[in-house]
Amino acid sequence: MNALLIAVPALPLAGALFVALTGWKLRGLSHWPIVLTIAASFLCSLGVLNHVREEVAKNQALADSDPAKTVGFEMVAPIWTWLDIPDAYQSNQPLNTPGGKTVTTAPLHIDVVLRADALTAIMLCMVTFISTLVAIYAAGYMHGDRSYWRFFVYIGLFVFSMTMLVSVSNFVLLFCFWEAVGACSYLLIGFWYQKPEAAAAGKKALLVNRVGDFGLALALFLIWTNYGTLDYHDPVEGGQSVVAGVLGQTRLANPDLFVHGGVAVAICALLFVGCCGKSAQFPLHVWLPDAMEGPTPVSALIHAATMVTAGVYLVTRCTPLFMAAGAEPLFMVGDSPFTAQMLVAVIGGFTALLAGLIALTQTDLKRVLAYSTVSQLGYMFLALGTGSSLGIVAGMFHLFTHAFFKALLFLGSGSVMHAMGHVIDMRQFSGLRKIMPITHATFLIGCLALAGLFPFAGFWSKDEILASLHERSHAHPVATEQAALQIDSSKQASIDRDGYQHVALLSEETPHKHPHAAHNPAFDTTFSHGLYGFLYYLAVGCAGLTAFYTFRAFYMTFYGELKVPAAAGDHAHESPASMTTPLVVLAVCAVFVGMVFGFPTHAFSDLLTQTPSLAYKTIADTAVEPEFHVDVAFWGTVVALIGIALASYLYLGDRKEAAAIAKASGPLYDLSLGKFFIDQLYLVVFVFPLLVLAYLCYAVDRFLIDGAVNTVGAIPVAAGKTMRLLQNGMVQFYALAMVLGLIVLVWGIAIYGS
Amino acid sequence: MWLMLPRGRKGGRLLGGMLSAASLACFGALGQCLGTWSDNLVFGVVGTTAVVSAALAVTFRSPIYCAIWFALSLLATAGLFMIQGAQFLGVATIVVYAGAILVTFLFVIMLAQPEGHAFYDRVSWEGLLAAVTGSVLVGILTMTTVAVLSPGKDPRVMAALAADQPAGKILPAEKVRGARVTTAADGKQIVELQTSEAMAFEKDEAKLKALNAELATSLAKPLGVAADQILVIPDRVKLPTERNTEKREKNILNPQHVAKLGGEMFSKQLIAVEIAGTLLLVALVGAIAILSIDRSPKTRPLDSVPTKLGGRGPRPVPASEASEPELVGGKS
Amino acid sequence: MNELALLHNSLLIGALLFGLGMAGFLARRNMIIMFLCAEMMLQGIAVSLIAWGRYHNDWGGQMLVIMILTVAACEAGLALALIVMLYQRTGRLDIAAWSEIREESLPAYQDVELDEFTAETQVWPKLTTAGVLPDVDPSVDEPGGHRGQL
């Protein structure tokens, strides 16, 4: 089974290397190695998923009989040891080992270990499946491009990096591949580097991501200094590592071993900064819309379905850390703590709202979809921020379904772009449903899924998110929690003295109680309930926004009079089969993944909750009996329908009212159209001072340092210029020089020789 | 010398000649007596001829005259060789130079003589600098020679030695070739004596002490310092020892001079002779090769030197002259 | 004969010949005369060598002079061949015509301006007439008519 797991990233890498070496010869055939290797990789992923499922089933059977058994299931495939520095970590704070002992030194030991659990397996399948379809699509879309093979090399490298990102078992390696996908993203955004906008967008993506990556790096440093290891897993057979893995079974079985307190909060907050960068959350969301300068398959694959969800993946993966941070406040709001998870939720919610508002007025089809992506990612973080099993599963499920329908929408818009001669401004074309029937139909399915209408995929995942928020804001009556607190007050006092907040211990004693509420006597749930309640309504509102801007774009593109831009020429036509086939496949997925894996079957959540990170007691205890909230689903659907109806009213027809409303709303409309002027704000606050500083440094370098160096250089030049005057070509002059030397010699001998 | 060099303007040559003669006379004054008056006369005449004709050879404008004066200088040099007892070399010099090289010169001069005086014969390159440089070199060489071979005799020291002679007998005055008094940095008076080879003070400590004691007391008064302030150092400059005349007459002044030289050449110095012969052969081949490589004079008409001197720019070489090198090549 | 005095005087003569030759070598621009001057320097050395040889009662001095003679002969052959070749190239015996090894941007040696330039007539050595006077072409009206036959 390990070979299968290793094959998942290895195959795309091999394909990419092969194309990189032979691409100049393969040219138009360059897509074949990539498509085949990624497809093979997908099959391997399915194998891994299947294996994980079987093992999970076995494991659950065991766990039922023996509660002390390991939590969740993971398979570990060591490859080689990259780095081994003995005693790199010296601590006065004892480190935990799996054997229950404590040590004070630990090696810096980086095993390249692939590790598959349910979360990884799902991500692998999703990534490789979408990648396969996008690669097939790109074969049609990129046909005839000058750098055809280069594109596929990058795609292969990206798939390798992404699969590695989700399957490595070490924070350092995670960081490496985190950067690797960023690099692939940079290369692919700037794929048409001759185009100034594309080059600038690539640069912007890279720089904005640096901010997030800086936070992630800091989080990693904190993890190293507090845990003494960077591995997820516990030490494997034959490895030199002794310390229990950060997310390993030892710690999961005994959550006391996690670092608590302010450090834990800092780790979580910094991790989330990294996630904000990669997943384009406010305030680092500005790069994603610009990234649409890249080829559309890239937008679909990297900037909608896979890479941007790495942040969501990371937060999910690190759930135990967030749980360990517990109710330790980031800051206080009145008497109530504002926790790291609330930060995630608030940022997610705010981003969802902001991006949704911006998407209302954009006229660039891909940009609408980009803001939609930002908004949906915000949704996912919103769900993760609830900190409950339900919310995390909902967030991951939304990630899963969103990958299908957003890839579908992007590929559809790519199809439109392909037909329209690379024009993507919706004002320049309309009524395309007649000439592009397949694209129209699949795009409609994508829109319905994104809007979250029953029974499309988006409905199920959106409903789960709304339900989790609803649950979080209502499910735990204050009275119950206080009752629980009273029961444990004696124990609580003794624990509080050592400054730790023993989440697990308490939650064991008070099963099915919300952990946040449980361990802090001063905890006032009014604030958290109020906050999540507010976020719930915000999320419902965002659902309406989503439905509106999605259908606005849909109507503007496919309805109204047939209008084709000049750039399309007279050959506006439906895209070739290589492009429409992935569209159809994705459309089918967009219809059914929600039903097949979602609430009706619980297949997704049953599997995902057996991920070790999500299966341990603290988080598992937050799970509630899944139930279908009719009122939540009802309101979500109603709001979406209102959005669609409004869009239909405004954009089906002559669209006069839309212009009138735009005019009437005045500055608000401008605010949305100008993307809330965040780019301009950054320009003034960050870019301009940095430019001034850069020019200052340039001046210092150019005049001060170069001046000094040039002066040193000028001395021999001046000496040479003087000396060369001696080389006047006169034989007698040379003879004279010799004679002068002779005179000096003879004179010296005459004076000092005797 | 500088005045005598061709400078492209009139005048000065007479003055230069007179000055040169004066300086030559000063030089002559440095000469030492060789013994008999006839010896002196012969050496003086031959030496003066050599130097004067050399000076004229250097300063005359016309290459022809230069060559002729050079020939005369060579003859005088050959005469010097004769005086030194190197008869074979004297003859050889005349034969080789006058008979071969000089004739070759004249050939070349005739073959390569532009019409009239070339301006470059009438203008010298940095004449003053050259003259000064040459003078400095000659000055240094002369000073060294004189300082080593004829140090002065300080009269006070000589008087003291002469006065001391009957008592001391340590250093007879006639054995002293030079005596010099210098003042050291610490105020001591250093008496440097140059003695003949017979004295050999360098290894005899007792003799040296006695000499120091003797001379110090007798020199204290004429030098005007205390006796302990005087240090006598004999033979600081190691002169080459004079070999006696009989030895010399058996060897280098042997009547069978040529036979001796030949014996020396072909026994001890055989390798040198072989090398010289090889050198001649190689030079012969080389000279022919040089003149064979570029027979077409029109291949590279060059003259990058701007001439301000009225129309003596690059002269197109007439085709008839192209055959000239063959003559010289044949000569070599 | 005073050997030391002989050495002394010979060395002085040698130094003078050497110095004169050197000054001439530095100052003259005719390649042939420069070459003559070099020979004169060799003569100065030869005089000194022979004097030292006699003083030391050693044949080495004379042997070295023989070497010098040989080298001078070789030098004469080669140098004169070179001079002829160079003359063929430029039509001049001026050493200043050959200054190509100077730095590229430096100007060539500039001749000093002469105060007055009068085309001096070549003064040839006067040879006493011997034998029958050769037939001189009356149309060639030049002083020293024998030059016409060169």
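Since the structure is predicted, the reported quantities are computational estimates derived from the model, not experimental observations. (Residues numbered from 1 in each chain as written. Chains lettered and ligands numbered in written order. Predicted model: local features only at pLDDT ≥ 70, side-chain atom pairs only at ≥ 80, totals over all residues.)

Chemist: Run through the overall build of chain C, naming residues and quoting values.
Modeler: A tally of helices and strands in chain C yields three helices and zero strands. The linear arrangement of helices and strands in chain C, starting from the amino end, is α-α-α. Of the contacts made within chain C by residues no fewer than 6 positions apart, 44% connect residues no fewer than 24 positions apart. (Helix = DSSP H or I, 4+ residues; strand = E, 2+ residues; numbered from the N terminus. Contact = placed C-beta atoms within 7 Å.)

Chemist: I'd like to hear about the overall build of chain B, residue by residue, with values.
Modeler: Secondary structure assignment for chain B yields 12 helices and three strands. Put simply, of all contacts in chain B between residues at least 6 apart along the chain, 60% involve residues at least 24 apart.

Chemist: Now, about unusual backbone geometry: what can you tell me, with residues and values included?
Modeler: Residues and elements named next belong to chain A. A cis amide bond links Phe282 with the next residue in sequence, Pro283, at an omega value of 5 degrees. If you trace the backbone, Pro283 turns up in the loop between helix H8 (262–278) and helix H9 (287–290). Between Phe454 and Pro455 the backbone carries a cis peptide bond, its omega angle lying at 0 degrees. Mapped onto the secondary structure, Pro455 falls in the loop between helix H16 (437–451) and helix H17 (457–474). At Ala280, a position not held by glycine, the phi torsion is positive, near 55 degrees. Tracing the chain through its elements places Ala280 in the loop between H8 and H9. For Phe677, which is not a glycine, the phi torsion comes out positive at approximately 55 degrees.

Chemist: A description of helix H14 (residues 365–384) of chain A should follow, citing residues and the corresponding values.
Modeler: For H14 of chain A, with 20 residues, the first-to-last C-alpha span of 29 Å sits near the 28 Å given by 1.5 Å per residue. In terms of burial, H14 of chain A is a largely internal element, 20 of the 20 residues being buried. (Expected span 1.5 Å × (residues − 1). Buried ≥ 20, exposed ≤ 12 C-beta atoms within 10 Å, placed from the backbone.)

Chemist: Requested: an account of the confidence of the model for chain C, with residues and values cited.
Modeler: Any region with low pLDDT has predicted coordinates that should not be read closely. All names here are of chain C. Put simply, chain C has an average pLDDT of 77, and 72% of its residues get 70 or more. Element-level mean pLDDT values for chain C span from 86 in helix H3 (residues 60–90) up to 89 in helix H2 (residues 31–56). Throughout residues 115–119 the model reports pLDDT below 50, and contacts reaching past four residues in sequence, or to other chains, amount to four contacts. A low-confidence stretch, residues 144–150 (pLDDT under 50), is modelled with eight contacts involving residues beyond four sequence positions or located in other chains. Note on the complex model: pTM 0.61, ipTM 0.74. (pLDDT = per-residue confidence, 0-100.)

Chemist: Could you give an account of the packing of helix H1 (residues 2–26) of chain A against helix H4 (residues 148–167) of chain A, with specific residues and numbers?
Modeler: All names here are of chain A. Remark: H1 packs on H4, axes separated minimally by 8 Å, with the N-to-C direction vectors making an angle of 165 degrees. Taken together, the axes of H1 and H4 are roughly antiparallel relative to one another. Crossing handedness for the pair H1 and H4: left-handed. Between H1, through Leu5, Val8, Pro9, Pro12, Leu13, Gly15, Ala16, Val19, Ala20, Gly23 and Leu26, and H4, the contact on the second element is made entirely by Trp149, Arg150, Phe152, Val153, Gly156, Leu157, Val159, Phe160, Thr163, Met164 and Ser167. A per-class count over the contact of H1 with H4 returns 16 nonpolar, five polar and one charged. (Axes fitted to C-alpha atoms, helices over the stretch in contact; angles between N-to-C directions. Parallel < 35°, antiparallel > 145°, perpendicular 65-115°, else oblique. Left-handed = near helix turned anticlockwise from the far one by under 90°. Nonpolar A, V, L, I, M, F, W, Y, C, P; charged D, E, K, R; others polar.)

Chemist: Break down the nonpolar core for me, citing the residues and quoting the values.
Modeler: Generally speaking, a soluble globular protein has its nonpolar side chains buried in company with each other. Core analysis: the largest hydrophobic core is formed by 233 residues, its most contacted members being Ala407, Ala539 and Ala590 of chain A. Among all residues touching Ala590 of chain A, those that are not within four sequence positions of it are Phe404, Phe405, Leu408, Ile445, Gly446, Ala449, Phe456 and Ala457 of chain A. Counting residues in each nonpolar core, the second largest holds 99 residues, with Trp69 and Leu291 of chain B together with Ile32 and Cys37 of chain C among its members. (Core = buried A, V, L, I, M, F, W, Y, C linked by C-beta atoms within 7 Å.)

Chemist: Quick one: what's the story with the environment of Phe551 of chain A, residue by residue and with numbers?
Modeler: Residues and elements named next belong to chain A. Inspection of the secondary structure assignment puts Phe551 in helix H22 (residues 525–558). What makes Phe551 buried here is the crowd of 26 C-beta atoms within 10 Å. C-alpha separation for the pair Phe551 and Leu444, spaced 107 residues apart in sequence, amounts to 8.6 Å. Filtering out sequence-adjacent residues up to four positions away, Phe551 remains in contact with Cys447, Ala451, Ile644, Ala647 and Ser648.

Chemist: Break down the confidence of the model for chain B for me, with residues and values.
Modeler: Overall, the prediction assigns chain B a mean pLDDT of 72, with 67% of residues at 70 or greater. Per-residue pLDDT stays below 50 along residues 298–332 of chain B; that stretch engages in 57 contacts with residues further than four places along the chain or on separate chains.

Chemist: Residue-level account of the environment of Ala324 of chain A, with values.
Modeler: Residue and element names in this part refer to chain A. When you line up the elements, Ala324 lands in helix H12 (residues 319–325). Residue Ala324 is classed as buried on the basis of its C-beta count, with 28 C-beta atoms lying within 10 Å. A C-alpha to C-alpha distance of 6.7 Å links Ala324 and Ala264, two positions 60 residues apart in sequence. Residues in contact with Ala324, not counting those within four places in the same chain, are Pro255, Phe258, Val259, His260 and Ala264.

Chemist: Residue-level account of the packing of H17 of chain A against helix H23 (residues 577–597) of chain A, with values.
Modeler: Residue and element names in this part refer to chain A. Contact geometry of H17 with H23 gives a least axis separation of 6 Å together with a crossing angle of 40 degrees. Considering their axes alone, H17 and H23 lie oblique with respect to each other. Residues Ala457, Gly458, Phe459, Trp460 and Ser461 of H17 lie in contact with H23, whose contacting residues are Ala590, Val591, Val593, Gly594 and Met595.

Chemist: Now, about the environment of Arg92 of chain C: what can you tell me, with residues and values included?
Modeler: All names here are of chain C. Considering the arrangement of structural elements, one finds Arg92 in the segment after H3. Residue class for Arg92 comes out buried when judged on the 26 C-beta atoms lying within 10 Å of it. Here the alpha-carbon distance between Arg92 and Met31, two residues 61 residues apart in the chain, equals 9.4 Å.

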